[in-house]
Amino acid sequence: MHCVRKVTDDLYWVGANEHRLHLFENIHPIPRGVSYNSYLLLDEKTVLFDTVDWAGCRQFLENIEYVLDGRPLDYLLINHLEPDHAGSIDEILIRHPETSIISNEKAFMLMHQFGFHIDGEGRDIEVKEGDTFSFGAHNVTFVSAPMVHWPEAMVTLDLTNGVLFSADAFGTFGAIDGHLFADEVPFQEEWLDDARRYLTNIVGKYGPHIQRLLGIAASVLDKIKIVCPLHGPVWRADENLLWFIDKYDKWSKYEPEEKGVLIVYASMYGNTEAAVMALASKLSQRGHNNYKVYDVSSTHVSYLISETFKYSHIVLASVTYNLGVYPPMLDYLHDMKALNLQKRTVAVIENGSWAPKSGDLIEAFLNNEMKEMTVLSGRVTINSSVNESAERELEELADTLVESLGEE
Ligand code: FEO
């Protein structure tokens, strides 16, 4: 049974939704699923833009045969070679030996490394940035988008109707389940968190590369009518797209979306957790309610990373463990560094029954391993459980945070 949507009069979404995969890239939870988007253009020539993960291949093939309706498939255009999009190349070529592949030099190299397109001799068409290609009425041009998300990634702009095939850019976790356009779903309320989690965990490290792509997009923004990413809904060029571009701009410049506090704690027996709850209540008592509290041991780090990109202030509260930082907290710190997170204001709470060390170690990590992190004065030290002295320090930390947030 086919499941397709019309993007324009002659362009169809022919991708697949994924609900049975628990971990994207075998690391990031996707409880709302994910979509693998592929698009089929019916011009004088027929053109398939990217394929789908092997898991969605059967649906994908049925969709293509339905839309082609007996026509040959003239071209397969590959913007991104990661297997969640390239996994079905060989299945397409087996069914359509008439198809030529259009892509760039690095993508062809990766295709062969992965063992895709193994009989490709003679039907590869190599393009590079700035080249144009005509399919009949539709003329396209190619823009390289290195490291958004892999080095071979490129985006393709249809100069005829303003459709931008944006590869991983502007994608999101979440299966689309029959919806196509972002304005058909409550994106801001129900999708934004997953869009941020997708972007920051997958491409967060490469902010400057995203900035380059945004700069190119801005220079042709008046020509862009529709943005077709490889995951999640399609964007029409309206105020919603501008709002989403602004989010991308902030995330890729490592600027927080909101003035607010992310509180992440590592607690073994509930005493550090109790300190964090006391701090949260003190913030609320002071009229500051834009904060979130997470247990680092029970929250997948991809969610923590997403929230860290969202908020301006972070409170890290950790027990000492083997004279070091509690391992899940240390993993979170390492992930922040790996994803190039920067420009945040951080407060530290430490706990240790005989030799509290986590505060020194966390501060040293923030100051020496990360960029532009401001550590607030007034670290709170707890010896086993909160006593009167630690209670006073928590009061002072609440004042310091509120002052730093500019909400005295
Ligand atoms: Fe969705 Fe980088 O692949």
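Located above this text is the structure these notes cover.
Residues numbered from 1 in each chain as written. Predicted model: local features only at pLDDT ≥ 70, side-chain atom pairs only at ≥ 80, totals over all residues. Heavy atoms only, no water.

J.: Mind laying out the environment of L304, listing which residues take part and the relevant values?
T.: Here L304 lies in helix α9 (residues 301-310). The buried category is assigned to L304, whose relative accessible area is 0%. Remark: the alpha-carbon pair of L304 and I263, spanning 41 residues in sequence, is separated by 9.7 Å. Those residues within four positions of L304 in sequence are excluded, and the remaining contacts are L262, V264, Y294, V296, T299 and Y332. (Helix = DSSP H or I, 4+ residues; strand = E, 2+ residues; numbered from the N terminus. Buried < 20%, exposed > 50% of the residue type's maximum accessible area, 1.4 Å probe, protein only. Contact = heavy atoms within 4.5 Å.)

J.: Could you give an account of the packing of aromatic side chains, with specific residues and numbers?
T.: Per the stated rule, a full pass over the model turns up 22 aromatic pairs. Ring geometry for F24 versus F173: centroids 5.3 Å apart, planes at 65°, classification edge-to-face. With F24 in strand β4 (residues 23-24) and F173 in the loop between β15 (163-167) and α5 (187-203), this residue pair connects regions lying 149 residues apart in the sequence. Each member of the pair, F24 together with F173, is buried. Positioned above the aromatic ring of W191 is the side chain of R32, whose terminal nitrogen or guanidinium carbon lies 4.2 Å from the ring centre. (Phe/Tyr/Trp six-rings, centres within 6.5 Å; stacked < 30°, edge-to-face > 60°. Lys NZ or Arg CZ within 6 Å of the ring centre and 35° of its normal.)

J.: Give me the lowdown on helix α7 (residues 239-252), citing residues and values where you can.
T.: If you check α7, its first and last C-alpha atoms are 20 Å apart, about what 14 residues at 1.5 Å a residue would give, namely 20 Å. Turning to α7, its buried residues are L241, F244, K247, Y248, W251 and S252. Seen from one end, α7 has its buried residues packed into an arc of 120°, which puts them on one side. In this fold, the buried residues of α7 make contact with α5, α6 (207-219), β16 (226-229), β17 (235-236) and α9. At the N-terminal boundary of α7, the capping side chain belongs to D238, with an oxygen 2.9 Å from the backbone nitrogen of N240. Within two residues after α7, Y254 carries a phi angle of roughly 60°, on the positive side. (Expected span 1.5 Å × (residues − 1). Arc of directions from axis to C-beta. Polar contact = N/O pair within 3.5 Å; in protein donor to acceptor, adjacent residues only side chain to side chain.)

From the geometry alone we can't say anything about function, so treat these as descriptive.
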